[in-house]
Amino acid sequence: MKTAIIGFAGSGKTEIFRALAGPGARAVARAMVKVPEPRLIPLARVFKPKKITRSEIEYQDMPGSGGTKSLGNRVLSEIRGCDCLLAVVDAFSGGFDPASQHSSIEEELIVSDMAVIEKKLEKLSQDRQKAGHLYDPKTEELLIRAMNILEQEKPLRLDEALCAEPALKGFAFVSAKPILYAWNISESKMGSFKPPEEQKGMGHISASAMLEREMAELENPEELAMFMHELGVRESALDRVIAKTYNLMNLITFLTVGDKEVRSWALKKNSTAFEAAGAIHSDIQKGFIRAETLSWEDFLKYGDMKKAKEKGVLRLEGKEYIVKDGDIITFRFNV
Ligand SMILES: Nc1nc2c(ncn2[C@@H]2O[C@H](COP(=O)(O)OP(=O)(O)OP(=O)(O)O)[C@@H](O)[C@H]2O)c(=O)[nH]1
Ligand SMILES: [Mg+2]
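A short tour of the structure in this document, coming up. In this text the structure is predicted, and so the values were computed from the model without any measurement.

### Notes on the site of ligand 1
Then comes step 1: In the vicinity of ligand 1, 16 residues are found, and the nearest of them are Gly12, Lys13, Thr14, Gly64 and Met210.
Then comes step 2: When contributions to the shell around ligand 1 are tallied by element, the ones reaching two or more residues are helix H1 (13–21) and helix H8 (209–217).
Then comes step 3: In terms of residue count, the dominant contributor to the shell around ligand 1 is H1 (three residues).

### Remarks on the sheet that holds strand E7 (residues 202–207)
Then comes step 1: An order of E2-E4-E1-E5-E6-E7 is seen for the six strands of this open sheet, with the pairing classed as mixed. Looking at the sheet topology across the chains shown, the edges are occupied by strand E2 (30–34) and E7. Sheet twist, expressed as the mean angle between neighbouring strand axes with direction ignored, is 25°.
Then comes step 2: Across six bridges, the pairing between strand E6 (residues 179–185) and E7 is parallel. Pairing of Ile179 across the sheet is with Met202, part of E7.
Then comes step 3: Most of the contacts of H1 go to strand E4 (residues 56–61), to which it runs at about 150°, and overall it touches strand E1 (2–6), E2, E4, strand E5 (84–91) and E6.

### Things to note about the environment of Pro98
Then comes step 1: With respect to the helices, strands and loops of the structure, Pro98 is situated in helix H4 (residues 98–129).
Then comes step 2: Along the backbone, Pro98 and Ala291 are 193 residues apart, and their C-alpha atoms lie at a distance of 49 Å.
Then comes step 3: Not counting chain neighbours up to four residues away, the residues in contact with Pro98 comprise Val89, Asp90, Ala91 and Trp183.

How each quantity is defined
Residues numbered from 1 in each chain as written. Chains lettered and ligands numbered in written order. Predicted model: local features only at pLDDT ≥ 70, side-chain atom pairs only at ≥ 80, totals over all residues. Near = placed C-beta within 6 Å. Helix = DSSP H or I, 4+ residues; strand = E, 2+ residues; numbered from the N terminus. Pairing = 2+ DSSP bridges. Axes fitted to C-alpha atoms, helices over the stretch in contact; angles between N-to-C directions. Contact = placed C-beta atoms within 7 Å.

Here it is, written out as structure tokens:
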């Protein structure tokens, strides 16, 4: 799962990236970032595992190569391969109006998709004229529907069903990707800034990118506490940025437990137990027998698996079971 950090030149992308990646990420543009998972704490208390492992999201810092008023075509084509966008808006410098940056980014994503569709429709209309060629009317119809949305200056992410059409998946439309806007406000405006309303597939968060990066660099907890106290900041916005990207990507968490490792795993919402097994290892998926499942709350209520089984909350689920957020799963499989 990959999130690209985009925005106009100088908007604070690299500051946000460094804050997310933590100290030591100076020379890189990609980092795996651990997803906060508080449910691991009580579970680790029970199992006392050798290792606690959290699921990760990859963040990639993109260059502001399009300048201060454009994302640029290079970035627009590079982000086709990612699952989610984190768009940083400069609301700290007093330059380009932040609300206009927001609408410009939306517009660029829309225009970029229109160009892709235009080209493909042209190709399809040539195919139709060529006798014997494999003309594909279904894709053409879907593309025309997508074009209608874009022509109303709306992003494709608003039409979830259309975006999910298998024939459209391959186009990797940029306006179809979930997007989190990070309004990079100045340190003095913290708390007073009101981000716009959320929309389907679009979230908002406000933070001071520079402050977040500075806080991330302080490894000593006492130093960090003092710094935050001096600035009157109660919490870092990073956890919320990560949690929001996670939700926008429609990910849920399932957990595996044991005395070796207690671990959280990311999974697309509405995935089956069979797919969850594949997320761990292809061998577990291939040899899938059953998934012993219970919710983490039920587990903590009884404190151990045996008791949970006696109480009937530990269920044996098959391949088709739809995994729920917070499920603890033990896979039984043949090797
Ligand atoms: N005061 C203040 N300065 C900031 C803030 N965020 C970024 N800056 C400064 O603005 C400059 C640009 O920040 P970067 O994070 O490098 O911006 P960028 O979007 O990565 O820039 P490009 O990669 O060149 O497009 C740096 O000098 C930052 O320190 C902020 O929240 N407050
Ligand atoms: Mg940068």
